[in-house]
Amino acid sequence: MAGRLFLPEVDLTCPVCCEIFRDPVVLKCSHSFCASCLQQYWNQQRRNRDCPLCRTQSLDDPVPSLTLKNLCESCTHESEEPEEAVEELYGEPGELCPHHGEKLKLYCLLDKEPICVVCHTSRKHKQHECCPVSEALVDVKEKMKSALTALKQRTREEFEKLHNFLHAEENARMEALKREEEQKTEQMKQKVEEMERKIASVSESIRVLEEEMASEGITVLHVSFNDCPVEDPVMPPGALIDVAKYVGSLMFHVWEKMHKIAKYTPVTLDPNTAAPWLILSDDLTTVCDSDEKQKLPDNPERFDPDTGVLGSEGFTSGRRAWDVNVGDNTAWVVGVAKESVQRKEKVSSVLKNGYLCVYFYHKMYFAGTSPLTRLNLKRNPQKIRVQLDCDKGKVSFYDPHNNALIYSFKQAITEKVFPYFWVGCQQCPLTVEPVEVLLSVAESAT
C-alpha cells in the first residue's frame, strides 16, 4: 500500500503542514495549500499576503480546488491505514516545537537543529536551507555507520596485530622444538651406532673364542674374559626433550614478550569531548589544531567553541602521572579540569573556572591562577610532566628532562577531574607519551 501511494501522496501534500490537503485552495501562482495553513501563515505575516513557496504577492483571494479535494479524499479512502502510510512517508512523529507547538518535521542545515514549518518562515530560518527530518536522519545514520565501520576496522587491525604476534611466537616455538628434536634424534642416532659397533666387536670376540674352544688346543687356557667387556648402555645427559622449557608458564613468558611491543599511554584522549577544530590521532594520543571546523554532534560533553579536549578517564582518588610532549608548539595548555567546567562558552583556563593548568602563550609561561602567575623558566621544556595526587589535593608540573618543578597547585579535589589539553597551534601537536611497563613476580614471604 505504501509503495503504491508514495508518489500520489507526495503530489497531494500541503507544503506547509506536510500532510494531505484539507480543503485545498490554489493561488494565482498555481501553488496549492490547505486553506487553514495558508490563513495561519498570512496571519503571522500580518500585512503580507505572499505565497509561502515562491513569495509572490497575492492580491486575489485563494480559490478552492474541488478537483484536488476530490483526489485527496479518494487517496484517503483507498488507504486502509492512512496514519501508518503518512508515518512511512515522513517518519514517526517527533517532538513539538517549543515556540509554535507544531511538529518538528524540518531540519535546518545551517543551524543544525530540527524546526517546524512555522520556524521555516520566521526571520531566524527564512533564508536557511532545510530538508525533511527523515532525510537528516538518513544522513546522520550514514555518518554513524561510517564512523562505526572505521572503529570496527581499527579494532580489527589492533587484534590482528596480536594475532600475528601470537602466530609468530607459536611458529618460533614450534621451530625451536623441531630443531631440538632433530638435534636429540641425531645424538640418539650416534649413540645407537656406537652401541652397534660395540655389539659387533663383542660378537666377533665371542666367535673367535668359540673357534678356539672347539680346537681343544692349549691356547684356550690363556683366554681372558676381560677381553670382551660388556657394559650396560648409558644415556648421555640432556638426551631427552626439555619439555619444561616449552610448556612451563607458557602464557606468562609469551605475555612477557608481548609487553615489549605493546604501548601503554596513561591518558587516552576522549574524542566525544574534542572541539570540532581539533584533529585527534587514530590511537587517541595526539591532538592538533586545524583551521576547518568538522561536522560533529553538538553533545553536552564537547568543548565548543574553546579548542579543548579531555582524557577519557576521570579521577577522584589516588595518584596519577603523565608526560605531554609539547615540542615546538606555540600555544598550549595542559593540566586537569573539573567535570563541571563550562564547555559551551569560551572561558579562561584558570583556577576560578575549574582548571588547574599551566600554559604557554606568546612565548611566555603562566600558571592558571587568578590573576595569572608568570613563570620564569630556565629552559623551554619539550615535555611537561603532570602529577596528580587527589588524596593530598595537589597538582604539580615538572620538566622531565631535569625533574625541575615548574609549578604546584594545592587545591582540594572535591569532584572528578580529568586530564585537560588545549592547543592553538596547527604546526605542532600535543602528544601523550607512552610509558614503559615492567613485569615482576612477587616473592613469597619467608
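Above this text is the structure in question.
In short, a report on the structure. Worth saying up front: this structure is predicted, and the values here are computed from it rather than measured. (Residues numbered from 1 in each chain as written. Predicted model: local features only at pLDDT ≥ 70, side-chain atom pairs only at ≥ 80, totals over all residues. Heavy atoms only, no water.)

### Points about the overall build of the protein
Stage number 1. Helices and strands together make up the secondary structure of the protein, namely 8 helices and 19 strands.
Stage number 2. For the protein, the proportion of its 446 residues judged to be buried stands at 32%.
Stage number 3. When contacts within the protein are restricted to residue pairs at least 6 apart in sequence, long-range pairs at least 24 apart make up 57% of them.
Stage number 4. Of the accessible surface of the protein, which amounts to about 29,500 Å², a share of 54% is contributed by carbon and sulfur atoms. (Helix = DSSP H or I, 4+ residues; strand = E, 2+ residues; numbered from the N terminus. Buried < 20%, exposed > 50% of the residue type's maximum accessible area, 1.4 Å probe, protein only. Contact = heavy atoms within 4.5 Å. Areas by Shrake-Rupley, 256 points an atom, 1.4 Å probe, with all protein chains shown as cover.)

### Here's the deal with the pattern of salt bridges
Stage number 1. This structure, assessed with the given rule, holds 17 salt bridges.
Stage number 2. Close ionic contact of Arg-49 with Asp-61 constitutes a salt bridge, the shortest N to O distance being 3.2 Å. One end of the pair, Arg-49, is in the loop between α2 (35–45) and β3 (63–64); the other, Asp-61, is in the loop between α2 and β3, and 12 residues separate them in sequence.
Stage number 3. What makes Arg-49 partly exposed here is its relative accessible area of 27%.
Stage number 4. Ionic pairing is found between Glu-204 and Arg-207, a salt bridge with its closest N-O pair at 2.4 Å. Taken together, the residues Glu-204 and Arg-207, both in helix α6 (residues 133–215) and 3 residues apart, mark about one turn of the helix.
Stage number 5. Its relative accessible area of 36% is what places Arg-207 among the partly exposed residues.
Stage number 6. Beyond isolated ion pairs, a larger network of salt bridges with shared partners links Glu-19, Arg-22 and Lys-105. (Salt bridge = Lys/Arg side-chain N within 4 Å of Asp/Glu carboxyl O.)

### Quick look at the sheet that holds β3
Stage number 1. Taken in spatial order, the 3 strands line up as β2-β1-β3 in an open sheet, and their pairing is antiparallel. Whereas interior strands pair on both sides, the edge strands pair on one side only; in this sheet they are β2 (32–34) and β3.
Stage number 2. By the bridge criterion, 3 bridges tie strand β1 (residues 24–26) to β2 in an arrangement that is antiparallel. Looking at the pairing, Val-26 lines up with Ser-32 of β2. (Pairing = 2+ DSSP bridges.)

### What to know about the packing of α6 against helix α8 (residues 250–258)
Stage number 1. Look at α6 against α8: their axes get within 11 Å of each other, and the N-to-C directions meet at 120°. One finds that α6 runs oblique with respect to α8. As for the relative orientation of α6 and α8, their crossing is right-handed in sense. Of the residues in α8, those in contact with Leu-162, Phe-165, Leu-166, Glu-169 and Arg-173 of α6 are Leu-250, His-253, Val-254, Lys-257 and Met-258. (Axes fitted to C-alpha atoms, helices over the stretch in contact; angles between N-to-C directions. Parallel < 35°, antiparallel > 145°, perpendicular 65-115°, else oblique. Left-handed = near helix turned anticlockwise from the far one by under 90°.)

### Quick word on the packing of aromatic side chains
Stage number 1. Enumeration over the complete set of coordinates arrives at 8 aromatic pairs.
Stage number 2. Judged by centre distance (4.5 Å) and plane angle (35°), the ring pair of Phe-360 and Tyr-365 falls under tilted.
Stage number 3. Overall, Phe-360 belongs to the buried group, its relative accessible area being 11%.
Stage number 4. Through a chain of ring-to-ring contacts, three or more aromatic side chains come together here, namely Phe-303, Tyr-355 and Tyr-420. (Phe/Tyr/Trp six-rings, centres within 6.5 Å; stacked < 30°, edge-to-face > 60°.)

### Here's the deal with the pairing of strand β16 (residues 394–399)
Stage number 1. Among the 6 residues in β16, 5 count as buried, and that is most of the element.
Stage number 2. By the bridge criterion, 5 bridges tie strand β15 (residues 383–389) to β16 in an arrangement that is antiparallel. Bridging from a neighbouring strand, Val-386 pairs with Phe-397 of β16.
Stage number 3. If you look at the hairpin formed by β15 and β16, you'll find 4 residues sitting between the two strands, and Gly-393 has a positive phi there, around 65°.
Stage number 4. With 6 bridges connecting them, β16 and strand β17 (residues 404–410) associate as antiparallel partners.

These figures capture arrangement, not role.
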